[in-house]
Amino acid sequence: MDKKFNVTSAPHDRGRMDTQKIMLCVLISLLPATFFGIYNFGYKAAIIIIVTILSCVISELLFNIIIKKENTIKDLSAVVTGLLLALNLPHTLPWWMAVLGGVFAIVVVKMLFGGLGQNFMNPALGARCFLLISFTSAMTSFSYDGITEATPLALLKEGEEVDPLKMLLGTEAGTIGETSVICLLIGAIFLILMGIIDIKIPAAYIVTFSIFILLFGGHGLDMTYLIEHLCGGGLILGAFFMATDYVTSPITPAGKIIFGIVLGILTGIFRLFGSNAEGVSYAIIIGNLLVPLIEKATIPRAFGITKVKEVSKDE
Amino acid sequence: MGLMTFKGGVHPYDGKELSKAKPVRKLLPKGELVYPLSQHIGAPATPVVNVGDYVLRGQKIAEAGGFVSSPIFASVSGTVKAIEPRRVAIGNMVNSIIIENDGAYTEIGFTACEDYSKLSNEEIIGKIKDAGVVGMGGAGFPTHVKLSPKNPDDIDHIIANCAECEPYLTADYRRMLENPEKLIGGMKIVLQMFPEALGVFGIEDNKQDCIDKINNLIKDEKRMVVVPLRTKYPQGGERQLIYACTKRAINAKMLPADAGCIVDNVETLVAIYNAVALGMPVMNRIFTVTGGAVCEPRNYDMYMGTSFEEFLEESGGFMKECEKMIAGGPMMGFALQDAKIPTTKTTSALVCLDNDEASKYTPSACINCGRCVDACPEQLVPSKLAKFADTGRKGEFEKWYGLECVECGSCTFMCPARKHLAQSIKTMKKQILADKRKK
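Residues numbered from 1 in each chain as written. Chains lettered and ligands numbered in written order. Predicted model: local features only at pLDDT ≥ 70, side-chain atom pairs only at ≥ 80, totals over all residues.

## Brief notes about the overall build of chain A
Thinking step 1. Summing up its helical and strand segments, chain A has 14 helices and two strands in all.
Thinking step 2. Taking 315 residues into account, the globule formula puts the C-alpha radius of gyration at 20 Å, and chain A, at 21 Å, falls close to it.
Thinking step 3. Overall, the C-alpha framework of chain A stretches about 80 × 50 × 35 Å when taken along its three principal axes.
Thinking step 4. Relative to its 315 residues, chain A shows a buried fraction of 51%.
Thinking step 5. A separation threshold of at least 6 residues defines the contact pool for chain A, and within that pool the share at least 24 residues apart is 76%. (Helix = DSSP H or I, 4+ residues; strand = E, 2+ residues; numbered from the N terminus. Rg over C-alpha atoms; globule rule 2.2 N^0.38 Å. Buried ≥ 20, exposed ≤ 12 C-beta atoms within 10 Å, placed from the backbone. Contact = placed C-beta atoms within 7 Å.)

As structure tokens, then:
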């Protein structure tokens with residue numbers, strides 16, 4: 001009986017879920033939209049997806065090697081970033097731009113700030129906005145079935161007719177992963193059922209955005225117009241997969257709702273009053289910047305604390 | 001209406017099936033018995049015996065060292081061999097009385113009370129105090145202090161903590177099945193002291209047989225009810241239990257009495273019954289030896305002071321390699337270096353894990369996922385608190401209600417980054433509370 005046993009602090013049991021499994025779930029949830037994107041846009045979409053993921057993973061690997069840090073690609077977060085970025089790119093984008101986007105997402109937005117958990121901005125969206133500003137025409141020219149075509153949301157902004165059913169199914173122009181609302185919702189439901197994402201952010205986002213559009217859209221209570229807005233411009237992709245990014249969204253329950261409301265208002269403003277038809281990406285990265293403030297303003301009251309916290313006397 | 005419970009919490013592997021069907025058996029200690037003088041919250045007890053003295057089972061060997069303190073009794077007859085520091089379950093050295101067991105178990109003689117319903121509150125408190133009754137669920141708070149609230153008239157609930165929410169533990173479960181009349185007797189005594197109060201047995205619904213048994217036994221008792229609780233950890237946490245039973249929420253600065261409640265664990269109520277009705281001090285309790293590494297998981301009638309090692313031997317030792325030994329349950333218990341540690345009033349179990357996964361994980365970066373927030377029964381943000389703790393930011397730690405932590409470990413259990421959240425928070429809490437005492 002001289003053997004010494006392990007001595008660590010309680011608890012001595014742990015749950016099953018770890019970071020890698022969470023990332024795996026997110027990847028699985030994106031598969032319907034990914035496969036639909038490839039089906040919809042052809043092999044070029046597949047190339048963009050593969051190139052972007054590789055670019056992200058290799059960037060993280062090299063960065064860790066160069067600064068002599070522990071290798072972190074096993075947590076799969078770089079794969080998630082790569083896939084999300086690819087789904088936000090048009091399939092016609094030159095491959096080297098996608099590579100550049102991947103490098104920017106991982107090196108500039110994520111690793112330079114300390115890696116997983118430390119970045120204040122969603123890496124995929126940060127990179128997308130970087131590409132949008134740098135290569136505007138390549139990032140905003142879309143085609144469908146080989147014919148150059150505007151996205152439904154751009155058409156909507158021009159006051160033209162769009163087909164909401166096509167928007168729901170996704171058989172139209174757009175970025176690789178944003179077009180099929182049905183595929184995205186299947187993934188979102190999977191994430192909610194698995195307990196990976198909290199419904200609060202997307203719910204607050206979509207409700208606020210809808211109210212904003214109904215109030216200021218100039219179409220009154222036109223539900224078709226509203227549905228077209230909800231289905232277009234990557235709103236569903238953004239609300240369920242980008243705004244819910246753990247690292248760059250508030251951790252406090254009340255903060256999640258406020259964050260969703262902020263995103264809804266910003267997206268509404270950008271879409272209705274901005275020059276761009278879109279707005280989701282910018283709304284989310286600006287929302288990301290507000291997260292520390294939102295968290296500070298929404299410190300949850302602990303169990304059993306009823307009054308407003310009394311000012312500590314001994315300080 | 002659904003089962004009563006609280007917000008947050010986790011569902012760890014239960015493990016109770018290993019030992020729940022094993023009836024309590026007596027283990028007569030063989031070698032020396034060790035009685036640490038601090039086995040309760042408050043001042044250590046003061047020895048009243050000298051080395052060389054012969055003591056009887058049930059004889060007081062140390063008296064209370066203050067109001068918030070508790071006396072200690074010999075559980076065997078024998079000779080006082082030494083009074084010296086010995087290592088206890090939480091890892092430090094505590095001055096202890098060591099008695100060489102003579103194997104005769106000669107008792108000092110206990111006077112049962114003919115009719116305790118005639119006793120006054122002061123007499124009852126006196127008996128409980130003199131019998132060394134403390135909270136036997138693990139905290140070890142002297143029971144006579146708990147039963148002397150500032151405003152006794154405001155007490156309207158006496159809650160028997162029968163949740164036993166820690167995985168693996170089956171001591172309270174066996175007690176409820178084997179001696180429910182003692183538990184109910186203890187409750188009756190406490191209810192007698194608080195004539196306005198309702199007696200509540202809060203039992204998790206994974207112990208349906210206990211719920212039925214106690215319901216059956218109290219069907220004629222107008223002042224007692226059983227409240228079935230949802231099986232969830234930490235259902236037996238004091239604040240969580242009070243909330244589940246009464247929907248009243250208390251914080252760290254409040255006592256259960258501020259919400260009109262007094263909460264006592266199963267073994268404590270049995271000890272109250274033994275003290276008041278039978279005149280017996282605290283010498284024995286039920287103790288579970290279990291875990292995947294043990295040959296024969298069992299429940300024992302434990303003579304306090306017996307070494308863990310003796311129980312382990314009696315349970316056939318290890319059938320697999322044991323990686324971790326825990327005094328208490330896996331969620332809040334203490335990992336032991338070895339088994340040469342004495343059992344005390346608050347020792348409810350020895351859990352021997354054959355696979356200690358928790359020690360193998362390396363913590364990685366927090367991804368802000370919020371699982372700790374969902375799990376926290378105190379509605380705190382453990383990831384933030386741990387960060388403040390690790391970087392020494394005491395002000396922010398308090399602002400985010402760090403001192404409200406009940407140290408249940410649910411956050412660490414859930415953390416996908418395998419961070420030691422509870423450990424960081426506990427350490428910081430200790431520092432801040434120590435600072436406050438200095439001021």
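## Some thoughts on the nonpolar core
Thinking step 1. Among the nonpolar cores identified, the biggest contains 227 residues, and A:Ala86, B:Ile272 and B:Leu350 are the most heavily contacted of them.
Thinking step 2. Take this core: its biggest share by element is nine residues, from helix H7 (residues 266-277) of chain B.
Thinking step 3. With near-sequence residues (within four places) excluded, B:Ile272 lies in contact with B:Ile128, B:Val133, B:Thr143, B:Gly186, B:Ile189 and B:Val190. (Core = buried A, V, L, I, M, F, W, Y, C linked by C-beta atoms within 7 Å.)

## So, the environment of A:Lys256
All names here are of chain A.
Thinking step 1. By the element assignment, Lys256 lies in helix H13 (residues 253-273).
Thinking step 2. Between the alpha carbons of Lys256 and Thr244 there is a distance of 8.9 Å; along the sequence they are 12 residues apart.
Thinking step 3. Every residue in contact with Lys256, bar those within four places of it in the chain, is listed here: Asp198, Lys200, Ile201, Ser249 and Pro250.

## Describing the packing of helix H1 (residues 19-41) of chain A against helix H3 (residues 77-87) of chain A
All names here are of chain A.
Thinking step 1. Viewed as axis vectors pointing N to C, H1 and H3 meet at an angle of 25 degrees, and their least axial separation amounts to 10 Å. For the element pair H1 / H3, the angle class is roughly parallel. For the crossing formed where H1 meets H3, the hand is left-handed. When H1 is examined against H3, the residues Met23, Val26, Leu27, Leu30, Ala33, Thr34 and Gly37 are found in contact with a partner set consisting of Ser77, Val79, Val80, Leu83 and Leu87. (Axes fitted to C-alpha atoms, helices over the stretch in contact; angles between N-to-C directions. Parallel < 35°, antiparallel > 145°, perpendicular 65-115°, else oblique. Left-handed = near helix turned anticlockwise from the far one by under 90°.)

## Some points on unusual backbone geometry
Thinking step 1. Cis geometry marks the peptide bond from A:Ala10 to A:Pro11, where omega comes out at 0 degrees.
Thinking step 2. The residue after B:Tyr233, namely B:Pro234, is reached through a cis peptide bond having omega -5 degrees.
Thinking step 3. Take B:Pro234: it is sitting in the loop between strand S11 (224-229) and helix H6 (238-246).
Thinking step 4. Even without glycine at this site, B:Asn368 takes up a positive phi of about 65 degrees.
Thinking step 5. Within the secondary structure, B:Asn368 sits in the loop between helix H9 (357-360) and helix H10 (371-375).
Thinking step 6. A residue is classified by how many C-beta atoms lie within 10 Å of it, and B:Asn368, with 24 of them, is buried.

## As for the sheet that holds strand S17 (residues 349-353) of chain B
All names here are of chain B.
Thinking step 1. One open sheet holds the six strands; their spatial order is S1-S14-S13-S17-S15-S16, and the pairing between them is mixed. Strands at the two margins of the open sheet, each flanked by one partner only, are strand S1 (25-26) and strand S16 (334-336).
Thinking step 2. Taken together, the two bridges between S1 and strand S14 (residues 298-303) define a ladder with parallel strand orientation. Looking at S14, one finds that Lys26 is bridged to Asp301. (Pairing = 2+ DSSP bridges.)

## Considering the interface of chain B and chain A
Size of an interface: often given as the accessible area lost when the parts come together.
Thinking step 1. Between chain B and chain A, the residue contacts involve 60 residues of the former and 34 residues of the latter.
Thinking step 2. Of all elements in the fold, only strand S15 (324-327), S16, H9, helix H12 (394-399), helix H13 (410-414) and helix H14 (421-438) of chain B reach the threshold of two or more residues within the side of chain B that touches chain A.
Thinking step 3. In terms of residue class, the side of chain B that touches chain A is made up of 34 nonpolar, 13 polar and 13 charged. (Nonpolar A, V, L, I, M, F, W, Y, C, P; charged D, E, K, R; others polar.)

## Quick look at the sheet that holds strand S9 (residues 157-162) of chain B
Residue and element names in this part refer to chain B.
Thinking step 1. Spatial strand order, S11-S10-S9-S12: four strands in an open sheet with parallel pairing. Strand pairing shows two members of the sheet lacking a second neighbour, S11 and strand S12 (261-265), which therefore form its edges. Neighbour-to-neighbour, the strand axes of this sheet turn through a mean angle of 25 degrees, independent of strand direction.
Thinking step 2. Across five bridges, S9 lies against S12 in parallel orientation. Note that in S12 the partner of Ile158 across the bridge is Ile262.
Thinking step 3. Helix-sheet contacts for helix H5 (residues 208-217) involve S9, strand S10 (198-204) and S11, and the interaxial angle to S11 is about 170 degrees.

## Comments concerning the domain arrangement of chain B
Residues and elements named next belong to chain B.
Thinking step 1. Structurally, chain B comprises domain 1 (116-277) and domain 2 (371-438).
Thinking step 2. Taken over C-alpha atoms, the centre of domain 1 sits 29 Å from the centre of domain 2.
Thinking step 3. Across the contact, seven residues belong to domain 1 and six residues belong to domain 2.
Thinking step 4. When its residues are assigned to classes, the side of domain 1 that touches domain 2 shows three nonpolar, three polar and one charged. (Domains from an automatic or database assignment.)

## Here we look at H3(A)
Residue and element names in this part refer to chain A.
Thinking step 1. Most of H3 is tucked away: 10 of the 11 residues are buried.
Thinking step 2. The set of residues buried in H3 consists of Ser77, Ala78, Val80, Thr81, Gly82, Leu83, Leu84, Leu85, Ala86 and Leu87.
Thinking step 3. Each element contacted by the buried residues of H3 is listed here: H1, helix H2 (43-66), helix H4 (95-110), helix H5 (123-134) and helix H12 (235-242).

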